[in-house]
Amino acid sequence: MSQREGDRHGGGPEVSGGTLFSQPSCCQDCGCSAGIVRLLRDLATTPCSGLLPRGLLLRRSQGHGAGQALDSAGRAPSSSSRSAPAVLPERREAEVTGEAAGSAACEEECSRNEDSSSREARRRICAGQEEGSRQPPVPHGATCRICLEEGTEEDELLSPCVCRGSAKYVHLGCIEAAFMARAHLLDVICPTCKHHYEGPAAVHIGKLAVKELEENYGENHVYVAAALHNLGISYGLLGDAEQERDLLERALAIQEREHGPDHCDVATTLANLGNAYDRLGDLARQRELLERALKINEREYGADHHAVATTLVNLGSVHGRLGDHTRQRDILERAHRIMEREFGPNSHKVTASLVNLSLAYGALGDMHRQRDLLERALRINEQEYGPDHRAVANTLLNLGNVYGCLGDAERKRDLLLRALRIKQREYGPDHHEVAKALVSLGNAYGDLGMLEEQREFLERALSIQRRHFGPDHRELLSSLTGLSTLYDRLKDIERKKDLLEQSLRIMERSFGPQHYNVGIIIAALAEAHGELGDFDKKRELLEQSLVIIELKFGSSALFVVGQTITTWPYT
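Summary of the structure given here.

Scoring rules and cut-offs
Residues numbered from 1 in each chain as written. Predicted model: local features only at pLDDT ≥ 70, side-chain atom pairs only at ≥ 80, totals over all residues. Heavy atoms only, no water. Helix = DSSP H or I, 4+ residues; strand = E, 2+ residues; numbered from the N terminus. Phe/Tyr/Trp six-rings, centres within 6.5 Å; stacked < 30°, edge-to-face > 60°. Buried < 20%, exposed > 50% of the residue type's maximum accessible area, 1.4 Å probe, protein only. Expected span 1.5 Å × (residues − 1). Axes fitted to C-alpha atoms, helices over the stretch in contact; angles between N-to-C directions. Parallel < 35°, antiparallel > 145°, perpendicular 65-115°, else oblique. Left-handed = near helix turned anticlockwise from the far one by under 90°. Contact = heavy atoms within 4.5 Å. Nonpolar A, V, L, I, M, F, W, Y, C, P; charged D, E, K, R; others polar. Core = buried A, V, L, I, M, F, W, Y, C linked by side-chain atoms within 4.5 Å.

Quick notes on unusual backbone geometry
With glycine set apart, most residues show a phi of negative sign, and most peptide bonds adopt trans.
Stage number 1. Notably, leucine 148 is not glycine yet its phi reads approximately 65°, a positive angle.
Stage number 2. Relative to the assigned elements, leucine 148 resides in the loop between α4 (116-126) and β1 (157-158).
Stage number 3. Although it is not a glycine, lysine 194 sits at a positive phi angle of roughly 70°.
Stage number 4. Structurally, lysine 194 can be placed in the loop between α5 (172-182) and α6 (199-217).

Concerning the packing of aromatic side chains
We describe a pair of aromatic rings using the distance from one ring centre to the other and the angle between the two ring planes.
Stage number 1. With the rule as written, the count across this model stands at two aromatic pairs.
Stage number 2. Taken together, a centroid distance of 4.8 Å and an interplanar angle of 85° make the contact between tyrosine 217 and tyrosine 223 edge-to-face.
Stage number 3. Residue tyrosine 217 is classed as buried on the basis of its relative accessible area of 5%.
Stage number 4. What makes tyrosine 223 buried here is its relative accessible area of 3%.

Quick look at the environment of glycine 199
Stage number 1. Within the secondary structure layout, glycine 199 lies in helix α6.
Stage number 2. The class for glycine 199 is buried, based on a relative accessible area of 13%.
Stage number 3. C-alpha of glycine 199 to C-alpha of leucine 238: the two residues are 39 residues apart in sequence and 5.9 Å apart in space.

Looking at helix α19 (residues 477-489)
Stage number 1. A rise of 1.5 Å per residue sets the reference length of α19, with its 13 residues, at 18 Å; its end C-alpha atoms lie 18 Å apart and thus fit the reference within 8%.
Stage number 2. Taken together, the buried positions of α19 are occupied by Leu477, Ser478, Ser479, Leu480, Thr481, Gly482, Leu483, Ser484, Thr485, Leu486, Tyr487 and Asp488.
Stage number 3. Two residues or fewer past α19, lysine 491 is found with a positive phi of approximately 65°.

Let's talk about the packing of helix α8 (residues 241-259) against helix α9 (residues 264-279)
Stage number 1. Two elements in contact, α8 and α9, have axes separated by 9 Å at closest approach and are oriented at 160°. In terms of orientation, α8 lies roughly antiparallel with respect to α9. Viewed along their axes, α8 and α9 form a crossing whose handedness is left-handed. Here α8 contributes Ala241, Glu244, Arg245, Leu248, Glu249, Ala251, Leu252, Gln255, Glu256 and His259 to the contact with α9, which in turn contributes Asp265, Val266, Thr269, Leu270, Asn272, Leu273, Ala276, Tyr277 and Arg279.
Stage number 2. In the contact of α8 with α9, the residues fall into nine nonpolar, four polar and six charged.

Points about helix α21 (residues 516-531)
Stage number 1. Its 16 residues give α21 an end-to-end C-alpha distance of 23 Å, which sits within 8% of 22 Å, the value for a rise of 1.5 Å per residue.
Stage number 2. Taking burial as the measure, the 16 residues of α21 include 15 buried ones, the bulk of the element.
Stage number 3. Downstream of α21 by a residue or two, glycine 533 has a phi angle that is positive, lying close to 95°.

Topic: the packing of helix α17 (residues 432-447) against helix α18 (residues 451-469)
Stage number 1. Packing of α17 against α18 brings their axes to within 8 Å, and their N-to-C directions diverge by 160°. Considering the angle they form, α17 stands roughly antiparallel to α18. In this structure, the crossing between α17 and α18 has a hand that is left-handed. Contact residues: His432, Val434, Ala435, Leu438, Val439, Leu441, Gly442, Asn443, Tyr445 and Gly446 in α17; Leu451, Glu453, Gln454, Phe457, Leu458, Arg460, Ala461, Ile464, Gln465, His468 and Phe469 in α18.
Stage number 2. In terms of residue class, the contact of α17 with α18 is built from 12 nonpolar, seven polar and two charged.

Looking at the nonpolar core
Stage number 1. By size, the foremost hydrophobic cluster in this structure holds 47 residues, and its most contacted members are Cys144, Tyr197, Leu213 and Leu228.
Stage number 2. In terms of residue count, helix α7 (residues 222-237) provides more of this core than any other element does, nine residues in total.
Stage number 3. Filtering out sequence-adjacent residues up to four positions away, leucine 228 remains in contact with Val210, Leu247, Arg250, Ala251 and Ile254.
Stage number 4. Judged by nonpolar contacts, the second largest core, of 46 residues, contains Leu252, Ala267, Ile338 and Met367.

Below you can see the structure in the form of structure tokens.
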């Protein structure tokens, strides 16, 4: 199972997105109404999940995910070859040593074979009309690493991978020509940097692969399933979770029919389908799919294989979002040991497990351990990708939040400003990844007493999140709860109450009515009702909150809510 460091790389390769909440600890000590506000502010800190990017069905040593030998036009073997063995021999890499090799021939091949639909797809991407295709500005004078020409209105330059320097930018048409000439329709890896293509370029060549394979093998062949799988992941990394889910469901149906329900490729698709459901807010479905994938991988590879570790990282993160942080830590410790043993302690392939493990320790209150793990992940990512890559930005985002929890608000702000600059350059100013940085940075300004700046950043983040996810997605919780604490400080209690009520509806639907973060939101809402003079409602909500939080903390829940009930005035 391939791994990608990247967006939900949170880097995760990013294993997917979604709000993670730290286990509250401060109110266990103070037990006052101010403590409830601090608990709420804890919810407003939204760490990047750092989930492992979905494993791709590429270059597998066995099964139908292997790259294919294609004919000279870059096509799959004809229908007469459909009885070919499961693993077709790959072309030797020496035939195309990199995208720059034979670029003139690539351009000629592209112009000869490109149909009108392909040209239109490229035009729409360059015009920013494809979902998630908007690119940050390209520096003046930048040229394509293949044809050495500048971008045009019809074929702008993209930065589709982690290549840097003069190799950073490339025309979409040149990527397409090189992809077809290289003749590996299931290989979406840049031949120069050896990392997967991302963004609109990955979607574009993914669609080409699906079309070619369907024409040559039919819509229900396992090669088509592998291409659908890769295309689904590309859509997911662009933020289109519904398209990701639909493509992966289709791929899964083909694989289960052709391979049976317990094949290793089925496990890969199950894990990535689970990540799609995570993005759509269905954690229960994600856990179900990941647990099934884990059983298959353990049986197929043994308990200590990196494919098992990848599934464990995803599964551990789900347990964390469901509130079981001890289970989360234990699963991630196991995953991290496997990754280090297979790849070495300084490989970029261990950073996703480092980031997720750090989140588990943070949720359990060990902020120094969390900081140390993130500092290590940052060093590895900077070495692998350079200081300005999106994987680095996600690690900076998590690390900045940790420094805030440790009381160093200025260090937090500086790290988050760096993360925001990277994200805005990589994604453009209105991307949902930018919103994550805006939330954390807004709260950093709040820690420094700069409330107007905090409001500006949080309101901008909320606007982006609503536009991208809709009004009821759990991604909105970070900005909603952050704004509620801001308006508490500004003494706008009605606005605070409205934001908390929105948060409560989303949280109950996303995590269930008995999740301890639901109890914390209810306690904060109770405080708002008390400040507005409705003490009967306040007492009712606090008692409801106590019941929920007691499920998580036992008798110590009295310090969180119970003492607040007895110390706040009633009339």
